[in-house]
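Here are the chains, one letter per residue:
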Amino acid sequence: MMMRSIKTILGVFAVYFLLTCMGVAQINNNLESVTMGRVLNPDTDTNDTMPSIGSLEDGRKIFAWHGYLNSTDAVYARILSETDLGKIEKISGEGKVHDAPFVAVGKGGEAWVLWSSLGNNCWKILAKKWENNRWGPETQISSNDVDAFMPSAVFLSNGSLVAVWAQCVEGEFGIYTSSNEKGAWAAPEQISSTGVDSFRPVVVSDANDVALVVWDSYEKGDYKVMGRTILPKLSKIEQISQKGAYAITPTALSTSKGFFVAWLQLQDVVGGEGVISQMHTLRMAFKKGRNWVMAKDNEGDTSAATLTHGIMVKVEPEPEWKLGYMGRCRVPMLAEKDDEVWLIWDRKQNPTGHPQLSTGELVGRPFREGRWKDTVVLHQGLIDYHLTGIPEFNDNCMAVYASELPRYHKRIYHEVGIDVKRTKKFLQDDWLGWSPVALPLKEEETKRHATVINGKEYKLFWADLHNHGTNTCDAEGELDELFHYARDRARIDVVSMTDNDDIFDDPLTVSEYEKSSYFARWLSS
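In this report, we go over the structure that sits alongside the text. (Residues numbered from 1 in each chain as written. Predicted model: local features only at pLDDT ≥ 70, side-chain atom pairs only at ≥ 80, totals over all residues. Heavy atoms only, no water.)

Comments concerning the sheet that holds strand S6 (residues 89–90)
Piece 1. Spatially, the four strands line up as an open sheet ordered S3-S4-S5-S6, and their pairing is antiparallel. On the outer flanks of this sheet lie strand S3 (47–55) and S6, each paired with one strand and no other.
Piece 2. Pairing of strand S5 (residues 72–80) with S6 involves two bridges; the strand directions are antiparallel. Its bridge partner lying in S6, Ala-77 is registered against Glu-89. (Pairing = 2+ DSSP bridges. Helix = DSSP H or I, 4+ residues; strand = E, 2+ residues; numbered from the N terminus.)

Spelled out as structure tokens, the structure:
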């Protein structure tokens, strides 16, 4: 099976956020002058990426991140106060391969940091507890002899911690959970369906300790967002995204009005002279009674945002080439403010700018009284925006963490503040000339060509040997997603992942390289 006369452009977008006024930094009304706030990593030698932040009860914050130097990964953390950055502590143990951290904060000054690490030819979930102002011992919470990635965790009111992650058992990825109660970790249990591959779990809990887990699953050529509550009892698995839609990278938030889930939705499109791409939109649903209800605008449209900058080329009225973006382009964020739930994302500010020179703008859209309201620009001038684990507003302001463009193999992260009442009008460009298309194209699937030379048969195979995904700083696309797309939609016989090892002052880390190799082997087996 093959696909001819088609160029696939697997663009993908991300999502970010930036907000806070709590004595950290402020911006003016027209967003033309931005103060960057205090620098959080001025004293590191490592290439710092993938931060995670949690707010302690006493007002301090745990700032954890992934650091890379001399072919070695590590997880670092520091405790931020209003006046002090705190000392840097390396919390990962032995080994050279450690992935991004996840911070979960509970009551009484307790917190956990979780991450995935490669050791003894096995990816495992490790965790370390912050208690009594010091870090405890490193603990493995995933099972032995299986590969585990993508951790998320949340505290319950009784002080126990619920963790989830994606784990590969006998070639199938599933979502697993374990809990830590009174210092002991329970044996991991699978909570996703068998027979399908599931990735990217997120767990949240409400005031009554109802714990919801959401994830995306790949089945029959499509990703879909699934979910179930796992506490106080296990509910049935539900599809949260719309039927027949391609939905991926979910996030979730517990609010005073219930659970909200947002995700990225993709539609294959064709434009120009046979160019294949994907149109990216953001969607959101909320739990009402026993059902998940799609959030809509006044016209009934469920698309909350269309993502184009740094993702898609323009084909009309004149072709305009796409250059990438060094921010996170596909990760929706959610935050609650009074009677509003904000969906927030990041986009490249100048769609045609060079990646090494192009900063982003943080965009948000409030959902209030059952309908989407006007989209606004919240901030401009940084990239890689992050909220705290459980976003909190102080009046109209919220703390956000974001980096400058990397220089000299280093990203400088800032703590800044944005007021949602001091915003800028959002302008959405028209991306004309694209039409939905169903892939694979049946008319392009022909019998494999073969020829005989000197009595030996030679067959024609199609390969795409130059691809970048999320591990290249200005490209997008989850590893499993790119390989699935190549096999099931583009119908390519051979595909390779060739992320840049060092481009625009952003090196490929050991964990990024090892994960790419892992998923290539996994889908080839």
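Once you've had a look at it, read on.
As for the pattern of salt bridges
When the charged atoms of two side chains lie near each other, side chains of opposite charge can form a pair.
Piece 1. Taken as a whole and judged by the stated rule, the model has 25 salt bridges.
Piece 2. Across the pair Glu-340 and Arg-368 runs a salt bridge, and its minimum N-O distance is 2.5 Å. Residue Glu-340 is located in strand S28 (residues 340–348), and its partner Arg-368 is located in strand S29 (residues 360–368); the two are separated by 28 residues in the primary sequence.
Piece 3. Taken together, the shared-partner salt bridges connect Arg-200, Asp-216, Glu-478 and Asp-480 into one network. (Salt bridge = Lys/Arg side-chain N within 4 Å of Asp/Glu carboxyl O.)

What about helix H1 (residues 479–488)?
Piece 1. Within H1, nine of the ten residues are buried, which leaves it mostly tucked inside the rest of the structure.
Piece 2. The set of residues buried in H1 consists of Leu-479, Asp-480, Glu-481, Leu-482, Phe-483, His-484, Tyr-485, Ala-486 and Asp-488. (Buried < 20%, exposed > 50% of the residue type's maximum accessible area, 1.4 Å probe, protein only.)

Observations concerning empty space enclosed by the protein
Piece 1. Under the counting rule described, the total for this entry stands at one cavity of 30 Å³ or more.
Piece 2. Computed from the structure, the largest cavity encloses a volume of approximately 40 Å³.
Piece 3. Forming the boundary of the largest cavity are Gly-310, Met-312, Val-313, Lys-314, Glu-320, Trp-321, Lys-322, Pro-351, Thr-352 and Trp-431. (1 Å grid on protein atoms, 1.4 Å probe; cavity = no way out; pocket = protein on both sides within 12 Å on 5 of 7 lines; lining within 4 Å. Points joined across faces, edges and corners; volume = space filled by probe spheres on them.)

Observations concerning the packing of aromatic side chains
Piece 1. Inspection of every chain in the model, using the stated rule, returns 25 aromatic pairs.
Piece 2. Ring geometry for Phe-173 and Phe-199: centres 5.2 Å apart, planes at 40°, overall tilted. Taken together, the positions of Phe-173 in strand S15 (residues 172–181) and Phe-199 in strand S18 (residues 197–205) put the pair 26 residues apart, joining distant regions of the chain.
Piece 3. Look at Phe-367 and Trp-372: their rings are 5.2 Å apart centre to centre, the planes differ by 65°, and that puts the pair in the edge-to-face class. (Phe/Tyr/Trp six-rings, centres within 6.5 Å; stacked < 30°, edge-to-face > 60°.)

Notes on the sheet that holds strand S20 (residues 222–231)
Piece 1. With antiparallel pairing, four strands are arranged side by side in an open sheet as S18-S19-S20-S21. In this open sheet, the two edge strands, each paired with only one partner strand, are S18 and strand S21 (238–239).
Piece 2. Where strand S19 (residues 211–219) and S20 come together, nine bridges link them in antiparallel fashion. Across the sheet, residue Val-213 finds its bridge partner in S20, namely Arg-228.

Describing the side chain of Thr-251
Piece 1. Topologically, Thr-251 is positioned in strand S22 (residues 246–255).
Piece 2. A residue is classified by how much of its surface remains accessible, and Thr-251, at 17% relative accessible area, is buried.

A look at unusual backbone geometry
Piece 1. In this structure, the amide linkage connecting Glu-316 to the following residue, Pro-317, adopts the cis form with an omega of 0°.
Piece 2. Checked against the element boundaries, Pro-317 lands in the loop between strand S26 (305–307) and strand S27 (333–337).
Piece 3. Following Leu-439, the chain continues into Pro-440 via a peptide bond in cis, with omega recorded as 0°.
Piece 4. Note on placement: Pro-440 falls in the loop between strand S36 (434–436) and strand S37 (450–453).
Piece 5. A positive phi is found at Met-150, a non-glycine position, where the angle reads about 55°.
Piece 6. Inspection of the secondary structure puts Met-150 in strand S13 (residues 147–155).

Comments concerning the environment of Asn-144
Piece 1. The residue Asn-144 is located in the loop between strand S12 (139–140) and S13 in this model.
Piece 2. Considering only alpha carbons, one finds Asn-144 and Leu-156, twelve residues apart in sequence, at a separation of 26 Å.

Concerning the pairing of strand S34 (residues 413–419)
Piece 1. Burial of S34 is extensive: seven of the seven residues sit out of reach of the surface.
Piece 2. Side chains Tyr-413, Glu-415, Gly-417 and Asp-419 of S34 all project onto a buried face; the interleaved residues His-414, Val-416 and Ile-418 project onto the opposite face, where all are buried too.
Piece 3. The pairing of strand S2 (residues 38–39) with S34 spans two bridges and is antiparallel. From the neighbouring strand, Val-39 faces S34, where its bridge partner is His-414.

Focus: the state of the cysteines
Piece 1. Tallied over the entire structure, the rule returns zero disulfides.
Piece 2. Here Cys-122 stays unpaired: no disulfide links it, and the sulfur of Cys-168, its closest cysteine neighbor, is 10 Å away. (Disulfide = S-S within 2.5 Å.)

Digging into the nonpolar core
General note: in soluble globular proteins, nonpolar side chains tend to be found buried as a group.
Piece 1. Phe-173, Met-284 and Trp-434 are the most contacted members of the largest nonpolar core, which totals 64 residues.
Piece 2. For Phe-173, the residues in contact, after removing those within four places along its chain, are Phe-149, Ala-166, Gln-167, Cys-168, Val-196, Asp-197, Ser-198, Phe-199, Tyr-518, Phe-519 and Trp-522.
Piece 3. Core analysis: the second largest hydrophobic core is formed by 17 residues, Ala-335, Trp-342, Val-416 and Val-420 among them. (Core = buried A, V, L, I, M, F, W, Y, C linked by side-chain atoms within 4.5 Å. Contact = heavy atoms within 4.5 Å.)

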